[in-house]
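Commentary on secondary and tertiary structure
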Amino acid sequence: AVSRQKDKQISSRDSWDINKMAEKEQIPDAMKKAGGPLNAGKIAELTGLERKAVDKAMAAMKKDGSIVSPVRCKWEPAEPIRRRAMRILKPDV
């Protein structure tokens, strides 16, 4: 009985991790499709995810640097360093 309980715990944890990874993929996709910075409410609307799930995923993404805030309360995917450097050196690119 104990091993079955552990299997259930592990499988539920694995499915939670998979869902969380899917959220982290959907959020940047929605940002790219929108073509500009978005707030969490708009991302939730576009992706169909719950607002609370979007907030949690975005908090993790902010921490790891995969999203940045160009405008207060709005976020967009972080640019690769090389492209950002080229934009600074050649603003018309």
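Residues numbered from 1 in each chain as written. Predicted model: local features only at pLDDT ≥ 70, side-chain atom pairs only at ≥ 80, totals over all residues. Heavy atoms only, no water.

Formed by 13 residues in total, the largest nonpolar core has its most connected members in Ile27, Met31, Ile43, Val54, Met58, Ile67 and Trp75. Where this core is concerned, the elements lending two or more residues are helix H1 (2-34), helix H2 (40-47) and helix H3 (51-64). No other element matches the 4 residues that H3 contributes to this core. When residues no more than four places from it in sequence are discounted, the contact partners of Trp75 are Met31, Gly36, Pro37, Leu38, Met58, Lys62, Ile67, Val68, Ser69 and Pro70. (Core = buried A, V, L, I, M, F, W, Y, C linked by side-chain atoms within 4.5 Å. Buried < 20%, exposed > 50% of the residue type's maximum accessible area, 1.4 Å probe, protein only. Helix = DSSP H or I, 4+ residues; strand = E, 2+ residues; numbered from the N terminus. Contact = heavy atoms within 4.5 Å.)

Relative to the elements of secondary structure, Ser69 occurs in strand S1 (residues 67-71). For Ser69, a relative accessible area of 35% corresponds to the partly exposed category. For Ser69 and Pro37, which are 32 residues apart along the polypeptide, the C-alpha to C-alpha distance reads 7.7 Å. For Ser69, the residues in contact, after removing those within four places along its chain, are Lys74 and Trp75.

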